[in-house]
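Next come the chains, spelled out residue by residue.
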Amino acid sequence: MTDFTTLALERRGAIEILSLDRPDALNAISPEMVDEASAYFSGLSDRLDVRVVILRGNGRAFSAGADLGSVAFAESGAGRPQRQMAMQKRYSGLIKLMRGCPQPIIGLIHGPACGGGFSLALACDIRYAAPRRA
């Protein structure tokens, strides 16, 4: 899968660079981003030509965490706790896929890495962190 709306994928030899690509929203993790990243990481077990994955964020932040404007968080009323729990389960599913893929994941963490963004950083095998992107 390379037709992303919330991620950007770049190939350099046997290395793939997966970038969170919602810089205007500080790479807040939307349901679409979770779905796209889950599809990407679930397909890696069949793509042994990819030797290393680099995960980074475009813009001035790695990730501000959950997109609080998404339906799961912003919409009030009946069922809100259930929507939020369903979203948390989707996040945890993505983390499990990251931890289970055969390629090492190198996280390039710059600026904020909050909530779900921090979880993405922790799911990487190796992390390099900096206060801002070089």
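Residue numbers run consecutively from 1 along every chain, following the written order of its sequence. Reporting in this predicted model follows two pLDDT cut-offs: at least 70 for local features of residues, and 80 or more for side-chain atom pairs to be given and counted; totals over whole chains, interfaces and linings ignore these cut-offs and use all residues. In computing side-chain values, all of the structure's heavy atoms are included and hydrogens and water are not.

**Q** Any chance you could explain the sheet that holds strand 3 (residues 52–57) here in plain terms?
**A** Strands pair in a sheet through their backbones, by hydrogen bonds, and they do so in one of two ways: parallel or antiparallel. Two strands make a pair as long as DSSP finds a minimum of two bridges between them. Think of it this way: any DSSP run of H or I at least four residues long counts as a helix, any run of E at least two long counts as a strand, and we number them from the N terminus. Strand order in the open sheet made by the five strands is 1-2-3-4-5, with mixed pairing throughout. Looking at which strands have only one partner, the edges of the open sheet turn out to be strand 1 (7–12) and strand 5 (126–130). Put simply, the sheet's adjacent strands are angled 15° from each other on average, direction ignored. Relative to strand 2 (residues 15–20), strand 1 runs antiparallel, the two being bridged by six bridges. A fitted line through C-alpha atoms serves as each axis, taken over the contacting stretch for helices, and the angle formed by two N-to-C directions is quoted from 0 to 180°.

**Q** What am I meant to see in the pairing of strand 5 here?
**A** In summary, the side chains of a regular strand alternate between the two faces of the sheet. The pairing of strand 4 (residues 105–110) with strand 5 spans five bridges and is classified as parallel. From the neighbouring strand, His 110 faces strand 5, where its bridge partner is Ala 130. With its strands directed away from the observer, a crossover is right-handed exactly when the path from the first strand over the helix to the second travels clockwise. Crossover strand 4 to strand 5 through helix 4 (residues 116–123) is right-handed.

**Q** Before we go on, may I ask you to explain the nonpolar core in this structure?
**A** Nonpolar side chains tend toward joint burial in soluble globular proteins. Grouped together as the largest cluster of nonpolar side chains are 29 residues, with contacts concentrated most on Phe 41, Leu 55, Phe 62, Met 98, Ile 105 and Leu 120. Mapped onto this core, the elements with two or more residues apiece are strand 2, helix 1 (31–43), strand 3, helix 2 (71–74), helix 3 (80–100), strand 4 and helix 4. The biggest single contributor to this core is helix 1, with five residues. The contact criterion used throughout is that any non-hydrogen atoms of two residues lie within 4.5 Å. When neighbours within four sequence positions are excluded, Ile 105 is seen to be in contact with Phe 41, Val 53, Leu 55, Met 98, Cys 124, Asp 125 and Ile 126. The term nonpolar core refers to a set of buried residues drawn from Ala, Val, Leu, Ile, Met, Phe, Trp, Tyr and Cys, joined through side-chain atoms within 4.5 Å. A simple rule labels every residue: compare its accessible area, found with a 1.4 Å probe on the protein chains alone, to the largest value its type can have, and call it buried under 20%, exposed over 50%, or partly exposed in between.

**Q** So what exactly am I meant to see when it comes to the pairing of strand 2 here?
**A** Burial within strand 2 is extensive, with five of its six residues counted as buried. Here strand 1 folds back onto strand 2, and the loop between the two strands holds two residues, one of which, Gly 13, carries a positive phi near 65°. Sheet topology note: the strand 2/strand 3 ladder contains six bridges and is parallel. Bridge assignment links Leu 20 to a residue of strand 3, and that residue is Gly 57. Crossover strand 2 to strand 3 through helix 1 is right-handed.

**Q** I tried to follow the environment of Ala 39 on my own but got confused; where do I start?
**A** As for its placement among the helices and strands, Ala 39 is situated in helix 1. Using a relative accessible area of 31% as the deciding quantity, one classes Ala 39 as partly exposed. Note: C-alpha distance between Ala 39 and Leu 97 (58 residues apart in sequence) is 9.2 Å.

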